[in-house]
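Residue-level listing of the chains:
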Amino acid sequence: MSASIVSNKPIRHVLGISGGKDSAALAIYMRDKVPEMEYFFTDTGAELPEVYDYLDKLEAYLAKPITRLMTNGDFDHLLSKYNNFLPSPNTRWCTREMKIRPFEEWVGIDQVITYVAIRADEDRDGYRSTKANIQPKFPFKVDGIVRSDIERILINAGVGYPKYYEWRSRSGCYFCFFQRKNEWISLAERHPDLFERAKKYEKLNTLTGEQYTWTQGETLEQLVARASDIKAQANSRKIVTRRMPWQELLANLADEEDNESCLICTL
Ligand code: SF4
């Protein structure tokens, strides 16, 4: 690392809250271990209302503000910058622009340790910055904290789980393309205004016949028309899952997290 680009300020300790259970538990876990910790949340402007409620609860427990980092320009502005190409699992400009860039700009040239909420029972790396002045630490991995510990930490602190876990498995933008089909249906039922907004972003190129949709192969309008089938499928998966031996169940959950979640968005 070149000495000329590093600030002489003391090392900063920062912890990103994603709106999910693991990063909330890490914030609680670290509160008294690193009193100088700075908490932040990268706000895409497209978060679920439940996430903001959860941040308020967490701030009350931490007795510190969670700094909200905003993107330079809202999603609509960025969408036009990317020629109206909706982000997708293969072209995740949203994560780069709305999550990583605001964080790295906030950090600047300061030397920073960022605390990342990857659990000991997860087989993934999580976000690692390419910048040499940003170094990650993984306290849950080091201390052997697993999924059942997370529940205990959240409940003991009186913070509990985010409300959206009643119908959605992870935090992130209301239009996140990582959400499952039955979660889109739940979005339509719980937040019809947000579902309508997501629908408006979908486009048909009348010249080529190409569709720009949030989910592969169908529009949200088509998806919601199949709501009862999608719900029935989701319910039958739940029944199968309930009958699985616990080892199989855990492996199943781990696979879902690794393959589908918005990993970098849970900084
Ligand atoms: S939550 Fe989903 S849509 Fe939002 S920035 Fe992350 S990957 Fe993109």
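Since the model is a prediction, treat every value here as computed from it, not as a measurement. (Residues numbered from 1 in each chain as written. Predicted model: local features only at pLDDT ≥ 70, side-chain atom pairs only at ≥ 80, totals over all residues. Heavy atoms only, no water.)

1. Notes on the overall build of the protein chain
Right, on to step 1. Counting secondary structure elements, the protein chain contains 11 helices and seven strands.
Right, on to step 2. Expressed as a percentage of its 267 residues, the buried residues of the protein chain come to 48%.
Right, on to step 3. Of the roughly 13900 Å² of accessible surface on the protein chain, a fraction of 52% belongs to carbon and sulfur atoms. (Helix = DSSP H or I, 4+ residues; strand = E, 2+ residues; numbered from the N terminus. Buried < 20%, exposed > 50% of the residue type's maximum accessible area, 1.4 Å probe, protein only. Areas by Shrake-Rupley, 256 points an atom, 1.4 Å probe, with all protein chains shown as cover.)

2. Structural notes on the pairing of strand β3 (residues 66-70)
Right, on to step 1. Where strand β2 (residues 38-43) lies against β3, five bridges are found, and the strand directions are parallel. Its bridge partner being in β3, Phe40 is matched across the sheet by Thr67.
Right, on to step 2. The parallel pair β2 and β3, bridged by helix α2 (residues 49-62), forms a crossover whose chirality is right-handed. (Pairing = 2+ DSSP bridges. Right-handed = clockwise from strand over helix to strand, strands pointing away.)

3. Considerations on the pairing of β2
Right, on to step 1. Among the six residues of β2, five are classified as buried, and the element is accordingly described as predominantly covered.
Right, on to step 2. Across three bridges, strand β1 (residues 12-16) lies against β2 in parallel orientation. Counted as the bridge partner of Val14 is Glu38 from β2.
Right, on to step 3. The parallel pair β1 and β2, bridged by helix α1 (residues 21-30), forms a crossover whose chirality is right-handed.

4. Notes on the pattern of salt bridges
Between side chains of opposite charge, pairing is possible as soon as their charged atoms come close.
Right, on to step 1. For the coordinates displayed, the defined rule picks out 19 salt bridges.
Right, on to step 2. With a shortest N-O distance of 2.7 Å, Asp110 and Arg12 are connected by a salt bridge. Taken as a pair, Asp110 in the loop between α4 (93-107) and β4 (112-115) and Arg12 in strand β1 lie far apart in primary sequence, 98 residues in all. Comparing Asp110 with Arg12, the two get one shared label, buried. (Salt bridge = Lys/Arg side-chain N within 4 Å of Asp/Glu carboxyl O.)

5. Brief notes about the packing of α1 against α2
Right, on to step 1. Interhelical geometry of α1 versus α2 gives an angle of 10° and a closest axis separation of 10 Å. When the axes of α1 and α2 are compared, the pair comes out roughly parallel. Where α1 approaches α2, its residues Ala24, Ala27 and Ile28 are matched on the opposing element by Tyr54, Leu58, Tyr61 and Leu62.
Right, on to step 2. Of the residues that constitute the contact of α1 with α2, the class distribution is seven nonpolar, no polar and no charged. (Axes fitted to C-alpha atoms, helices over the stretch in contact; angles between N-to-C directions. Parallel < 35°, antiparallel > 145°, perpendicular 65-115°, else oblique. Contact = heavy atoms within 4.5 Å. Nonpolar A, V, L, I, M, F, W, Y, C, P; charged D, E, K, R; others polar.)

6. Considerations on the packing of aromatic side chains
Right, on to step 1. Summed over the entire model, instances satisfying the criterion amount to 18 aromatic pairs.
Right, on to step 2. Ring geometry for Phe40 and Trp106: centres 5.1 Å apart, planes at 50°, overall tilted. Note that Phe40 is positioned in strand β2 and Trp106 in helix α4, a separation of 66 residues in sequence.
Right, on to step 3. Taken together, a centroid distance of 6.3 Å and an interplanar angle of 35° make the contact between Phe75 and Trp214 tilted. Within this pair, whereas Phe75 is found in helix α3 (residues 75-81), its partner Trp214 is found in the loop between β7 (211-212) and α9 (220-225), the two being separated by 139 residues in sequence. For the pair shown, Phe75 and Trp214 are each scored as buried.
Right, on to step 4. Among the aromatic residues, ring-to-ring pairing joins Phe75, Tyr82, Trp93, Tyr174, Phe175, Tyr201 and Trp214 into one connected group. (Phe/Tyr/Trp six-rings, centres within 6.5 Å; stacked < 30°, edge-to-face > 60°.)

7. Some points on the sheet that holds strand β5 (residues 134-137)
Right, on to step 1. One open sheet accounts for five strands, arranged β3-β2-β1-β4-β5; its pairing is parallel. Of all the strands in the sheet, just β3 and β5 have a single pairing partner and so form its edges. This sheet shows a mean twist of 35° between the axes of neighbouring strands, independent of strand direction.
Right, on to step 2. Running at roughly 145° to β1, α1 makes contact with β1, β2 and β4 of the sheet.
Right, on to step 3. Against the sheet, α2 makes contact with β2 and β3, and its axis sits at roughly 145° relative to β3, the strand it touches most.

8. Quick look at the nonpolar core
Right, on to step 1. Ranked by internal contacts, the top residues of the largest apolar core, which has 60 residues, are Leu15, Phe140, Tyr174, Phe175, Trp184 and Trp214.
Right, on to step 2. In terms of residues, this core owes the most to one element, α1, which gives seven residues.
Right, on to step 3. Residues from two domains meet in this core; each of domain 1 (3-171) and domain 2 (181-259) gives at least three.
Right, on to step 4. Look past the residues within four positions of Tyr174 in its chain and what remains in contact with it is Ala46, Leu48, Arg168, Gln179, Trp184, Leu187, Leu194, Arg197, Ala198 and Tyr201.
Right, on to step 5. Listed in part, the seven residues of the second largest apolar core include Leu69, Phe103, Val112 and Ile134. (Core = buried A, V, L, I, M, F, W, Y, C linked by side-chain atoms within 4.5 Å. Domains from an automatic or database assignment.)

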